[in-house]
Amino acid sequence: MQILGFSEYKQASQRLAERLSVDWVEVYVHHFPDAESLVRLPVDLSEHIVICRSLNQPNDKLIELLLTVKTARESGVKRVTLVAPYLCYMRQDIANQPGEAVSQRIIGQLLADLFDDVITVDPHLHRISRLEQAVPVSNAISLTAGEAIADFLKKRLKQAVLFGPDEESEQWVRAIAEKTGFDYAVAHKLRKGDKNVSITLPDFDFSGRTVVLVDDMASTGRTLTQAAGLVRQAGAVDLYAAITHPLFCGDAEKVIREAGIQEIWSSDSIPHSTACIHLDELLCQAVREII
């Protein structure tokens, strides 16, 4: 088995290769002036390859994965596993208006056609509960970063309130609270647009407490920003954020920090300066269980 990696996700994929004690080889990608991609694979590939690449900013990456897998199959590779700690296009699971593409179903089927196994972390699923409903392969494996985040928090804080900024975050907050022994609370959120959200605090005493805002992803940052302001007004003295997927689109990180969050701790599901919670142990275990 070999790990195939790409330059923008090199360090995290190399950590996975080291933990699995297998070779890491790089897929060469060149972008032409018209934005087309040239993909070149290493020679002498193993019969089983694991492609490790996070699928944030996905459009070019999906085309490059298509070229990579098709070329690998032509060279004799028998099994191709995708390890995508962040999995793209999982939000859109229904057509909200006539004629709208249901991208979860379409991209999920594309990945199922390409790969024998798909492993990801905390996918953003709404109306379905199992990853194989979105990506119909026999080994569609959805992991959670909860334990890695919990271990990280226990090393840095003696006590805290874990706070989920919306109901969707409750599963992550509750799981991490159970592993750390910390208290937790979850807000109610009403989304009116991509950057227009309204949050209501639960009946909970934040006065004098250290609060860690916990969410599966930070995209625009507006939800975390509003949540930070509300818990600060409610008396919280120290504010931190623990995030699985640090998308941080546009000025997201800036507005989060300006809201008074002292430190942002993210997993390395996506390369980012805040990515200090490594997932290689979690991913390694999942790969070993399928080989």
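Under the counting rule described, the total for this entry stands at 4 aromatic pairs. An angle of 85° between the planes, with centres 5.4 Å apart, marks the rings of F163 and F206 as edge-to-face. Taken together, the residues F163 in strand 9 (residues 161-164) and F206 in the loop between strand 12 (196-200) and strand 13 (210-218) connect sequence positions 43 residues apart. The two residues F163 and F206 agree in class, both being buried. Ring geometry for F204 and F206: centres 5.0 Å apart, planes at 50°, overall tilted. Residue F206 is classed as buried on the basis of its relative accessible area of 0%. Among the aromatic side chains, those forming a connected cluster through ring pairs are F152, Y240 and W265. Cation over ring: R53 sits above F6, and NZ or CZ is 3.8 Å from the ring centre. Taking NZ or CZ as reference, R156 lies 3.6 Å from the ring centre of F152, over its face.

Looking now at the side chain of D93. Structurally, the position occupied by D93 is in the loop between strand 6 (79-84) and helix 3 (103-114). On the basis of relative accessible area, D93 is assigned to the buried category, the value being 13%. Only 2.4 Å separates the side chain of D93 from the side chain of R127, close enough to count as a polar contact.

By the element assignment, P136 lies in the loop between strand 7 (117-121) and strand 8 (139-143). The spatial distance from the C-alpha of P136 to the C-alpha of A35 is 31 Å, given a sequence separation of 101 residues. Ignoring anything within four residues of it in the chain, the contact list for P136 reads G108, Q109 and A112.

Of all 5 residues in strand 15 (residues 263-267), 4 are buried; the element is thus mostly enclosed. Sheet analysis places strand 14 (residues 238-246) next to strand 15, joined by 4 bridges and oriented parallel. Paired with A242 across the two strands is W265, which belongs to strand 15. Once the chain exits strand 14 it traverses helix 7 (residues 252-258) before rejoining the sheet at strand 15, and the crossover so formed is right-handed. Relative to strand 16 (residues 275-277), strand 15 runs parallel, the two sharing 2 bridges. Looking at strand 16, one finds that S267 is bridged to I277.

A few words on the sheet that holds strand 7. Taken in spatial order, the 6 strands of this open sheet run 2-1-5-6-7-8, and their pairing is parallel. Of all the strands in the sheet, the pair left with one neighbour each is strand 2 (23-26) and strand 8. The mean inter-strand angle of the sheet, taken between neighbouring strand axes irrespective of direction, is 20°. Pairing of strand 7 with strand 8, which is carried by 5 bridges, proceeds in the parallel orientation. Its bridge partner lying in strand 8, I119 is registered against I141. In this fold helix 1 (residues 10-20) packs onto strand 1 (2-5), strand 2, strand 5 (48-52) and strand 6, with an angle of close to 155° to the strand it touches most, strand 2.

Mapped onto the secondary structure, A234 falls in the loop between helix 6 (222-233) and strand 14. Note: C-alpha distance between A234 and G99 (135 residues apart in sequence) is 44 Å. Not counting residues up to four positions away in its chain, the partners in contact with A234 are L201, F206 and S207.

Take the sheet that holds strand 14 next. Read across the sheet, 6 strands follow the order 10-9-13-14-15-16 without closing on themselves; strand pairing throughout is parallel. Pairing within the sheet leaves two strands with one partner each, and these edge strands are strand 10 (183-186) and strand 16. With direction set aside, neighbouring strand axes in the sheet form an average angle of 35°.

Analysis parameters
- Residues numbered from 1 in each chain as written.
- Predicted model: local features only at pLDDT ≥ 70, side-chain atom pairs only at ≥ 80, totals over all residues.
- Heavy atoms only, no water.
- Phe/Tyr/Trp six-rings, centres within 6.5 Å; stacked < 30°, edge-to-face > 60°.
- Helix = DSSP H or I, 4+ residues; strand = E, 2+ residues; numbered from the N terminus.
- Buried < 20%, exposed > 50% of the residue type's maximum accessible area, 1.4 Å probe, protein only.
- Lys NZ or Arg CZ within 6 Å of the ring centre and 35° of its normal.
- Polar contact = N/O pair within 3.5 Å; in protein donor to acceptor, adjacent residues only side chain to side chain.
- Contact = heavy atoms within 4.5 Å.
- Pairing = 2+ DSSP bridges.
- Right-handed = clockwise from strand over helix to strand, strands pointing away.
- Axes fitted to C-alpha atoms, helices over the stretch in contact; angles between N-to-C directions.

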